[in-house]
Amino acid sequence: MADAAISKLVDRNLALELVRVTEAAAIAAARWIGRGDKNAADGAAVDAMRRAFDSVAITGTVVIGEGEMDEAPMLYIGEKIGLGGPVVDIAVDPLEGTSITAKGGPNAMATLALAEEGGFLHAPDVYMDKIAVGPGLPAGIVDLDASVEENLRELARAKKCELSDLMVCTLDRDRHKAIIKACRAVGARITLIPDGDVAGVIAVSQPEAGIDIYLGSGGAPEGVLAAAALRCIGGQLQGRLLFENEEQAARAKEMGATDPNRKYTVEDMARGEVMFAATGVTTGPMLRGVHRTYSGAITHSMVMRSKSGTVRYVEGHHNFERKPLAFRS
Ligand code: VTB
Ligand code: MG
Ligand code: MG
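Treat the numbers as computed from the prediction; the structure is a model and nothing was measured. (Residues numbered from 1 in each chain as written. Chains lettered and ligands numbered in written order. Predicted model: local features only at pLDDT ≥ 70, side-chain atom pairs only at ≥ 80, totals over all residues. Heavy atoms only, no water.)

Caption draft 1: Layout of the layout of surface pockets. Quantified by volume, the largest pocket comes out at close to 750 Å³. Forming the boundary of the largest pocket are 34 residues, of which Asp 93, Glu 96, Thr 98, Asp 125 and Glu 222 lie nearest the centre. Those elements that provide at least two residues to the lining of the largest pocket are α2 (38–53), β3 (87–96), α3 (98–103), β8 (213–219) and α7 (220–233). Here the residues of the lining of the largest pocket are counted per class, giving 11 nonpolar, 10 polar and 13 charged. (1 Å grid on protein atoms, 1.4 Å probe; cavity = no way out; pocket = protein on both sides within 12 Å on 5 of 7 lines; lining within 4 Å. Points joined across faces, edges and corners; volume = space filled by probe spheres on them. Helix = DSSP H or I, 4+ residues; strand = E, 2+ residues; numbered from the N terminus. Nonpolar A, V, L, I, M, F, W, Y, C, P; charged D, E, K, R; others polar.)

Caption draft 2: Spatial organisation of the coordination of the magnesium ion (ligand 3). Those donors, Asp 93 (OD), Glu 96 (OE) and Glu 222 (OE), are the protein atoms that reach the magnesium ion (ligand 3), and they lie 2.1 to 2.4 Å from it. Between the two metal centres, the magnesium ion (ligand 3) and the magnesium ion (ligand 2), the spacing is 4.1 Å, with Asp 93 acting as a shared donor. Here Glu 96 is found in strand β3, whereas its partner Glu 222 is found in helix α7, with 126 residues between them in sequence. As far as the burial class goes, Glu 96 and Glu 222 line up, both buried. (Donors = N, O, S within 2.8 Å, 3.2 Å for Na, K, Ca; no water. Buried < 20%, exposed > 50% of the residue type's maximum accessible area, 1.4 Å probe, protein only.)

Caption draft 3: Quick look at the pattern of salt bridges. Here the structure, examined in full by the defined rule, presents 17 salt bridges. The partner of Asp 197 in a salt bridge is Lys 130, and the shortest N-O contact between them spans 2.7 Å. Of this pair, Asp 197 sits in helix α6 (residues 197–202) while Lys 130 sits in strand β5 (residues 127–133), placing them 67 residues apart in sequence. Across this residue pair, the class does not change: Asp 197 and Lys 130 are buried. Across the pair Asp 143 and Lys 263 runs a salt bridge, and its minimum N-O distance is 2.8 Å. Taken as a pair, Asp 143 in the loop between β5 and α4 (148–159) and Lys 263 in the loop between α8 (246–254) and α9 (266–269) lie far apart in primary sequence, 120 residues in all. (Salt bridge = Lys/Arg side-chain N within 4 Å of Asp/Glu carboxyl O.)

As structure tokens, this is what we get:
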């Protein structure tokens, strides 16, 4: 078999391997749902995800991870993971929605993305201003430098709907007061989410989610993960790093983000071939949460590839009696 054909097969299979990794993280995190300890939930997800990667045939480098090497014991930026195989870069958020999980709220998930080496923006753990709309709209229809009102008007025009038909999604944060006010002033509707802007951004490209536009600032690493997902399902996302101090700006520069005002597109954040996988921890509009059964658990995941654009939803029925160690510490 020619080399290209071999690598194609590896790629395809890899997508399903990635689901095993997010499933493991989700099952581990789910044991902490509602127990008020977000760090324990996060730690369990990180640990399970790290171990699950040990059996994936990749030579991976974590580029979006749990922090710097000196502050995160596992899945830190620069960590090498995998059994050996194609050289790839990995972006992870083993538990996107740690507080949600601790409170038993909706829409927490385990998530990761994979790209060819050098494919991801090396985003530091700072805020990123984000604006996202779904597929099928003219490029550049919304822009971070336009006012909220202008963006909403353009969007309503393109979608041939009223401003009051639009549904905006943003994180429920004090820093978004002006955005929320501006949306309401033109009569648009808003869904305020407590956490979880990876899912919030992805929702713009899922017609059934009913979200027309995502606005506001959230984690930059989460921006890169959302960009990877949009590479697969379409949609526009613009992101700009936000720095609270000189140190953050210097760190970003060190990581390669040299222009502090740059507006990154989906392609700037996730280039080349990418894959994205997520497993629900708690139930939300995107995925069902982990459901414990008498002998194991049922998981609900999505996995997609930029190359084919195929999105697969995978329901996993796990039997802890046969495979107890994979998911329990
Ligand atoms: C968002 C959200 C995450 O961080 O990125 C948010 O999607 C941004 O930070 O789930 P603040 O909480 O400080 O607003 C999370 O809440 C946690 O990673
Ligand atoms: Mg995290
Ligand atoms: Mg997160």
